[in-house]
Amino acid sequence: MDIDQPEVVGFFDHKTFSVQYVCIDRVSNRCAIIDPVLDYDENAGRTRTDSADEIIAFIQARGLKVDWILDTHPHADHLSAAIYLQQHFDAPRAIGEHVIEVQKLWKKIYNFGDDFAPDGRQWDRLFADGDRFSIGELEARVMFSPGHTLASITYVVGDAAFVHDTLFMPDFGTARADFPGGDAATLYRSIQQILKLPDETRLFTGHDYMPDGREPRWQSTVAEQRAHNPHLQDVDENAYVALRRARDAELPLPALMLAALQINTRGGRLPEPEDNGTAYLKIPLNAF
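Criteria and thresholds
- Residues numbered from 1 in each chain as written.
- Predicted model: local features only at pLDDT ≥ 70, side-chain atom pairs only at ≥ 80, totals over all residues.
- Heavy atoms only, no water.
- Helix = DSSP H or I, 4+ residues; strand = E, 2+ residues; numbered from the N terminus.
- Pairing = 2+ DSSP bridges.
- Axes fitted to C-alpha atoms, helices over the stretch in contact; angles between N-to-C directions.
- Contact = heavy atoms within 4.5 Å.

Within the chain, Met210 stands out as a residue other than glycine whose phi angle is a positive 50°. On the secondary structure map, Met210 appears in the loop between β14 (202–205) and β15 (219–221). Of note, Asn286 is a non-glycine position whose phi angle comes to about 55°, a positive value. For Asn286, the position within the fold is in the segment after α7 (257–264).

Structural data, given as structure tokens:
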């Protein structure tokens, strides 16, 4: 096996259709955790750590060392378990630098007070487009790939690219672009940049919606996406924007969006408990 081919292990969360990843350098036995999920029962207002604990158990069983805990963007469909995992592994948490723009946008939506600083200080590192970093002996680089959100980035590690909410599996299509700060034309351009990677590049998507009831899948290649993705066949930017806007108009907002973004714009940190010892979420009424 080529040492520039990381081992990638995906963990599928059936509730949110999200895929969490452990990206492993085979030489050093060091790894990065990408897009971890903190379980949330919205009916009971209760968080759980089952998904993150599965990742912890896997890493411990394999004897891996964690170099990074990475998010590709502030997620709208699940809470981030980055803080919880950092407490276990003492690894730096990182996200793209344009998260600051997302923080400013959602600070207004939630009417957060002065105790919320929209400057990215909630993470240990903010990545810029083209930044490089290491996972063990593997070199990783950052591609700014907005459109789904203002802050979305792709991590390219050897022959693997973690493309988050841009491309789904080739039998399903591409991601929505109608959240605050999203833009279908920008998403189209980001996808075109991803498709300039070598044909054999393994693409790992952030979600799988299991069309026709098939089993969850999350790995494809650039060549497979070009050949089979239904949203990318013989469409230019204008046609893609029209397709994406028509599709997005039919989609409901994610069930956890208003809970998730007030957590995820804080780097995964839950609200501080109030004087009765209980923490509270803030939900804007009639804002969407």
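On to the sheet that holds strand β2 (residues 18–25), then. Sheet architecture is open: six strands sit in the order β1-β2-β3-β6-β8-β9, paired in mixed fashion. Whereas interior strands pair on both sides, the edge strands pair on one side only; in this sheet they are β1 (7–13) and β9 (125–127). Neighbour-to-neighbour, the strand axes of the sheet open up by a mean angle of 25°, direction not taken into account. Of the pairings in the sheet, the one linking strand β3 (residues 30–34) to strand β6 (residues 65–70) comprises five bridges and is parallel in character. The residue bridging Ile33 from the neighbouring strand is Ile69, located in β6. Along the sheet, helix α1 (residues 50–62) contacts β1, β2, β3 and β6; its crossing angle with β2, the most-contacted strand, is approximately 20°. Helix α2 (residues 82–89) contacts β3, β6 and β8 (93–96) of the sheet and is inclined by roughly 160° relative to β6.

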